[in-house]
Amino acid sequence: MTRIEYPELDETLYQQTLANGLTVCVVPRKGFTKRLAYFVTDYGSIHTQYSLDGKNHQAPAGVAHYLEHKMFDLPGNRDVSAEFAALGASTNAFTSYDMTAYYFSCTENFDECLRLLLEFVSTPYFTEESVEKERGIIDQEIGMNEDAPDSVVFENLVQAMYARHPIRVPILGTGETIRQITPEVLYRCHRAFYAPGNMLLCVVGDVEPEAVARIAEQQLGREALPVGKKQKDWAEPMTCPRPEITAKMEVAMPMFNLAFKCEPLGTGDGAIREEMVADLAAEALFGESSELYLKLYEEGLIDSSFGGGFETIDGCAMLLCSGDSEDARAVREAILAQAEKLTREGLPEEDYLRMKRSALGRRIRGLDSFDATCFRICAYHFSDFDYFRFPEIYRQITAEEIIAFLARVVKRERCCLSIMEPVCEGGE
């Protein structure tokens, strides 16, 4: 395996691409009892259009999440979660817009747990009966999501903000789309995107890197399998189809999501630099120590629920803030005005240096978390970037880049506001 040292972070990364195409990353943490493994596929809810074996396919919305649920079934009625528990480990999984991850943590029996993780994620087993049973479970999950104001206010936002990008569709799909999911659909999507060449195995803990790679090759074999080609006909204008959307639910006080549409980032160093510039721009504009945050807080327009940052997924990106407010439109106007002021006057050197130190410090402290480290290594790997190189990117960023980002992005025509108002007494 290739060994890479990061003296500034006191980290070491071992990396190898196996004959079957799987990338294996190991971050040794000597002396720790906890060991964590992520087995991740570069496939999420937005990847419904793809080609495989020379044919184009359109999968129903929600299939990536449905597949995540069903992967825990193995032939012989084996209970994967119970098998992990018997080994003293806990396991779980999640589906995002552009990634699906399966993981476990343990303090003992690591090799057995790793083999089990690789086995169940690489073994599709779907029957008509089990797929139909799961439909009811996911239907309930969709219903719970539709009753959650935090979820609804964001989903309203992206539906108003985007015309074509599949972020408009909930990760879980809808009651209608999940009824189109069959065992055949699941098998096809698994074959397209769960090939080793589309996946990453990341381990953090007191383990031997070569042993991890050896187990992966023993469990998955050496054959390189074909990978589905994602079709991304998602080109979007930087204006929003609807600048504002309002709904009502049972909430204690009005809440909002406010976002500015950004160009998709792509991959590689340039894309990651732009992401970090955007993170710093969010901090400069409405971070907790910013001039605007203090002003809005003192005026009672926001409270401690307010926060924001830069969000990016495959094919789209946004500068986003959210919170509770009796006058979200006034918050929007204040943000637009503050961005114009920063563009005109620039960012004071002292604020710029403080923000960079703070952002870099947060990232470094995040390495104390095995979960955060694993997640970020995986997410940045699929963006063609070695996450442990983040300090050098931060050092390169200038105040002028931050201001240029705000000048380009924080404009009224790129802005979308989603408001969730309380239901009045009497249902009005």
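What counts and what doesn't
Going along each chain's sequence as written, the residues are numbered from 1 onward. Local features are withheld for residues below a pLDDT of 70 in this predicted model, meaning they are given only at 70 or higher, and side-chain atom pairs are given and counted only at 80 or more; totals for whole chains, interfaces and linings count all residues. Values shown for side chains rest on all heavy atoms present in the structure; no hydrogens or waters enter the calculation. Whether two strands pair depends on DSSP finding at least two bridges between them. Helix and strand definitions follow DSSP, with helices as H or I runs of at least four residues and strands as E runs of at least two, each counted in order from the N terminus. With axes taken as lines fitted to C-alpha atoms, and helix axes fitted only over the stretch in contact, angles between N-to-C directions fall between 0 and 180 degrees. Pairs of cysteine sulfur atoms within 2.5 Å are what we label disulfides. Each residue is assigned to one of three classes by its accessible area relative to the maximum for its type, calculated with a 1.4 Å probe on protein chains only: buried under 20%, partly exposed between the two thresholds, exposed over 50%. In plain words, nonpolar cores are sets of buried Ala, Val, Leu, Ile, Met, Phe, Trp, Tyr and Cys residues tied together by side-chain atoms within 4.5 Å. Contacts are assigned to residue pairs that have any heavy atoms within 4.5 Å of one another. The charged-residue count follows a simple rule in which Lys and Arg add positive charge and Asp and Glu add negative charge, with His and chain termini not counted at all. Salt bridges are identified by distance alone: a Lys or Arg side-chain nitrogen within 4 Å of an Asp or Glu carboxyl oxygen. How far a helix is expected to stretch is found by multiplying one less than its residue total by 1.5 Å. Working definition: rings of Phe, Tyr and Trp (its six-membered ring) pair if their centres are within 6.5 Å, and the pair is stacked with planes under 30 degrees apart, edge-to-face with planes over 60 apart, and tilted otherwise. Geometrically, a charge over a ring is one whose NZ (Lys) or CZ (Arg) sits within 6 Å of the ring centre while staying within 35 degrees of the ring normal.

### A word on the sheet that holds strand β11 (residues 199–205)
Taken in spatial order, the 7 strands line up as β1-β2-β3-β11-β4-β10-β9 in an open sheet, and their pairing is mixed. Every other strand in the sheet has two partners, leaving β1 (2–6) and β9 (90–95) as the edge strands with one partner each. Taking each pair of neighbouring strands and ignoring which way they run, the sheet shows an average axis angle of 15 degrees. Sheet analysis places strand β4 (residues 35–41) next to strand β10 (residues 100–106), joined by 7 bridges and oriented antiparallel. Each residue of the ladder has a partner; that of R35, found in β10, is C106.

### What to know about the state of the cysteines
A full pass over the atoms with the stated rule returns 0 disulfides. Here C378 is not disulfide-linked; the sulfur of C202 is the nearest cysteine sulfur, at 4.6 Å. When its relative accessible area of 0% is taken as the criterion, C378 is described as buried.

### Overview of the sheet that holds strand β14 (residues 255–262)
Strand order in the open sheet formed by 5 strands is β13-β17-β14-β16-β15, and the pairing between neighbours is mixed. Two strands in the sheet have a free side with no partner beyond their single neighbour: β13 (244–249) and β15 (307–313). Within the sheet, the average angular offset between the axes of one strand and its neighbour, ignoring direction, is 20 degrees. Of the strand pairs in this sheet, β14 and strand β17 (residues 415–422) are connected by 6 bridges, and their pairing is antiparallel. If you follow F260 over to β17, its bridge partner there is C415.

### Regarding the nonpolar core
Counting 76 residues, the largest nonpolar core has L319, I335, I402 and V410 as its most contacted members. For I402, the residues in contact, after removing those within four places along its chain, are V277, L280, A281, A284, L347, Y352, M355 and I397. In terms of nonpolar packing, the next biggest core, distinct from the first, is built from 56 residues, Y43, F72, A93 and Y194 among them.

### Focus: the side chain of E283
Mapping E283 onto the fold places it in helix α8 (residues 269–286). We note that E283 is buried and unpaired, the nearest opposite charge coming from R362 at a distance of 4.1 Å. If we ignore the near neighbours within four places in the chain, the residues touching E283 are E288, S289, S290, M355 and R362.

### Description of the pairing of β17
Among the 8 residues in β17, 6 count as buried, and that is most of the element. As paired strands, β13 and β17 are joined by 6 bridges and run parallel to one another. Across the sheet, the residue bridging to K248 is E421, located in β17.

### Examining α8
With 18 residues, α8 ought to run about 26 Å at 1.5 Å a step, and its terminal C-alpha atoms sit 26 Å apart, in line with that. Counted residue by residue, α8 has 13 buried out of 18 residues, so it is predominantly covered.

### Looking at the packing of aromatic side chains
Within the structure shown, the criterion is met by 25 aromatic pairs. A ring pair is formed by Y293 and F306, whose centres lie 5.9 Å apart and whose planes are at 55 degrees; its orientation type is tilted. One end of the pair, Y293, is in helix α9 (residues 291–298); the other, F306, is in the loop between α9 and β15, and 13 residues separate them in sequence. F306 carries the same exposure label as Y293, and that label is buried. Taking NZ or CZ as reference, K261 lies 4.8 Å from the ring centre of Y162, over its face.

### Topic: the pattern of salt bridges
In total, this model carries 33 salt bridges according to the counting rule given. Note that E244 is salt-bridged to R329, the shortest N-O span being 2.6 Å. Taken together, the residues span a long stretch of sequence, with E244 in strand β13 and R329 in helix α10 (residues 328–345) at a distance of 85 residues. On the basis of relative accessibility, which here comes to 35%, the residue R329 falls in the partly exposed class. Between E345 and R344 there is a salt bridge whose closest N-O contact spans 3.9 Å. Classification of E345 as exposed rests on a relative accessible area of 54%. Counted as one network, the salt bridges with shared partners bring together E244, R329, R332, E333 and R412.

Honestly, it's all geometry; don't read function into it.
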